[in-house]
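Residue-level structural notes
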Amino acid sequence: MKKSPMHRLILTVALLAAVWTESALGHALQGEADGFLKGLLHPLFGADHVLAMVAVGLWGAQLGAPAILVLPVAFPLVMAMGGIFGLLGVPIPGVEYGIAASAIVLGAAVAFEVRPALVIAALVVGCFAIFHGHAHGTELPPGQSALLYSMGFVIATGCLHAVGIGIGTVHRRSWGRRLLRGAGTVVAAGGVFFLWKAIA
Amino acid sequence: MKRAGPLQMRAFTVTLLAVALGCGPAEAHLDATGMGPVYDGLMHFLTSPEDLVPALALALLAGLRGAPYGRRAMFTLPAAWLLGSLFGFSAATASGGALGASFWFLLLGGLVVADAKLSLRSMTALGALLGLAHGYLNGTGMGLSVASVAAALGLAAAVFVLVVLVAALVVRLRAQWARIAVRVGGSWIAASGLLMLGWSIRGV
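Now for a description of the structure that goes with this document. The shown structure was predicted, so the numbers you read here are calculated from the model rather than taken from an experiment. (Residues numbered from 1 in each chain as written. Chains lettered and ligands numbered in written order. Predicted model: local features only at pLDDT ≥ 70, side-chain atom pairs only at ≥ 80, totals over all residues.)

1. Focus: the overall build of chain A
Filter applied, for reference: The helix and strand labels rest on DSSP assignments: H or I over at least four residues marks a helix, E over at least two residues marks a strand, and numbering proceeds from the N terminus. A residue is called partly exposed when the number of other C-beta atoms within 10 Å of its own lies between 12 and 20, exposed at 12 or fewer, and buried at 20 or more, with C-beta atoms placed from the backbone. By definition, residues are in contact whenever their C-beta atoms, placed on the basis of the backbone, come within 7 Å of each other.
Each helix and strand in chain A was counted, giving eight helices and zero strands. Taking all 200 residues of chain A together, the buried fraction comes to 48%. Excluding contacts between residues fewer than 6 apart, the proportion of contacts in chain A whose partners are at least 24 apart in sequence is 89%.

2. Section: the overall build of chain B
What chain B contains, in helices and strands, is eight helices and zero strands. Secondary structure elements of chain B, listed N to C terminal, follow the sequence α-α-α-α-α-α-α-α. In chain B, of all internal contacts separated by at least 6 residues, the share reaching a separation of at least 24 is 88%.

3. Details of unusual backbone geometry
When glycine is set aside, most residues are seen to have a negative phi, and most peptide bonds are trans. Following Ala65(A), the chain continues to Pro66(A) via a peptide bond in cis, the omega torsion being 0 degrees. For Pro66(A), the position within the fold is in the loop between helix H3 (47–63) and helix H4 (67–88). Although it is not a glycine, Glu113(A) adopts a positive phi angle of roughly 50 degrees. The backbone phi angle of Asp115(B) is positive, close to 50 degrees, even though this residue is not glycine. Within the secondary structure, Asp115(B) is located in the loop between helix H5 (97–114) and helix H6 (120–139). Take Asp115(B): there are 16 C-beta atoms within 10 Å of it, and that puts it in the partly exposed class.

4. Describing the nonpolar core
This is how the line gets drawn: When buried Ala, Val, Leu, Ile, Met, Phe, Trp, Tyr and Cys residues are joined through C-beta atoms within 7 Å, the set is termed a nonpolar core.
Among the nonpolar cores identified, the biggest contains 112 residues, and Ala55(A) and Leu58(B) are the most heavily contacted of them. Element by element, the count of residues in this core is highest for H4(A), at 13 residues. For Leu58(B), the residues in contact, after removing those within four places along its chain, are Ala73(B), Leu77(B), Leu108(B), Leu126(B), Gly127(B) and Leu130(B).

5. Some points on helix H5 (residues 95–111) of chain A
Residue and element names in this part refer to chain A. We count it as follows: Expected span of a helix, by definition, is 1.5 Å for each gap between consecutive residues, and there is one gap fewer than residues.
Between its first and last C-alpha, H5 extends 24 Å over 17 residues, near the 24 Å set by a 1.5 Å rise per residue. Burial analysis of H5 places 14 of its 17 residues in the buried class, which makes it a mostly covered element. Once H5 ends, the next one or two residues include Glu-113, with phi positive near 50 degrees.

6. With respect to helix H8 (residues 176–202) of chain B
For H8(B), with 27 residues, the first-to-last C-alpha span of 39 Å sits near the 39 Å given by 1.5 Å per residue. Positive phi shows up at Gly203(B), right after H8(B), with a value of about 85 degrees.

7. Observations concerning the environment of Lys117(B)
Following the sequence through the fold, Lys117(B) ends up in the loop between H5 and H6. As for Lys117(B) and Leu64(B), which are separated by 53 residues in sequence, their C-alpha atoms are 9.3 Å apart.

8. Thoughts on the packing of H4(A) against helix H7 (residues 146–168) of chain A
Residues and elements named next belong to chain A. Note the threshold: Think of each axis as a best-fit line through the C-alpha atoms, taken over the contacting stretch in the case of a helix, with angles from 0 to 180 degrees between the N-to-C directions. By the definition adopted for this analysis, an angle is roughly parallel if under 35 degrees, roughly antiparallel if over 145, roughly perpendicular if from 65 to 115, and oblique otherwise. Should the near helix be turned anticlockwise from the far one by less than a right angle, the crossing is termed left-handed; should it be turned clockwise, right-handed. Side-chain classes are defined by residue name, with Ala, Val, Leu, Ile, Met, Phe, Trp, Tyr, Cys and Pro counting as nonpolar, Asp, Glu, Lys and Arg as charged, and the others, Gly among them, as polar.
Relative orientation of the contacting elements H4 and H7 amounts to 155 degrees, with a least axis distance of 11 Å. Between H4 and H7, the interaxial angle falls into the category roughly antiparallel. Considering only the axes of H4 and H7, their crossing is right-handed. Here H4 contributes Ile-68, Pro-72, Phe-75, Pro-76, Met-79 and Gly-83 to the contact with H7, which in turn contributes Ser-150, Val-154, Thr-157, Gly-158, His-161 and Ile-165. Grouping the constituent residues of the contact of H4 with H7 by class yields seven nonpolar, five polar and no charged.

9. Section: the packing of H4(A) against H8(B)
The N-to-C vectors of H4(A) and H8(B) enclose an angle of 10 degrees; their axes lie 9 Å apart at closest approach. In this view, H4(A) runs roughly parallel relative to H8(B), as classed from their interaxial angle. Split by residue class, the contact of H4(A) with H8(B) holds 21 nonpolar, three polar and two charged.

The structure is reproduced here in structure tokens:
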């Protein structure tokens, strides 16, 4: 069958539409594992972060169910909101003070066995999580995978909560309660040190 | 209508071909493992958190709901993934992949945290939509060939294995603390999704 020029034109355009490709710049693996490790280590190399996040776990364990679920869930979610502010360049004043204050308040809550309503406890933890997230969000090293960096620091945060919860299980014993209150005092004292460092 | 003459047609065709040949390289998805396209597809899934984590979240959700949900997810998700990949072969480019992935992170992570009491039908729909969306993105730019189909099969096989293992593990969890740990894991997924959304807005 002889094809008309219009037929040929349509065929040519259809063929070109099929082969027309732009660059699919996907999935380059360079720097991805490094980005994950950087994110994972970021909270671990800041003693102020470590103290506050372990204190969240300690407090959750001390308060028992449902706080033991709600606090470790609230913290990373609100921290991610803070992270978004950080990476978008939205300024939050006094981030370092906020991080130090989080260790003081959460440590004191554990030391004095403060038992507020669940909503209040979640709000306290959430407010401080904003500062921690902002600090992480502003510090993505150049050339790293943003997603893996984010996943790294979210996982590290969660693991620190788990450490706190693990330590907090001693709360069931009478000596454990005293030990836990002592741990809260140490966290609060650490927070005072970091606040002093931030001010000085 | 006046027909185009043979000379005009040739000129038009040559011009279009020249433009088409000038297109940028399709820096395709798959990292070569050296073991063939099936393993390339399998490794692609295992090394792409944008794909792996939503599938993991669906498996966690199915596991929390029980064995019938796990069984449904383990067939629906890989089948839809494969179908989505086949649809994606004909597409040259896709946009909004990061935004779409952050949506799935947030939705599925949120459902795991809430231990949402979904119906079996909703779980099926969720698995099918997730599989179609991510499969389509995976298939995009690969082009229709035997190797692409083999890679899509490898991808679907990896999805199947992940869902089977994770859902079976979670179904067996009876201790309260273990179920809480799974739900906390959901919050990590949702938090990562939030951050991914932020990165997409920033354009990283």
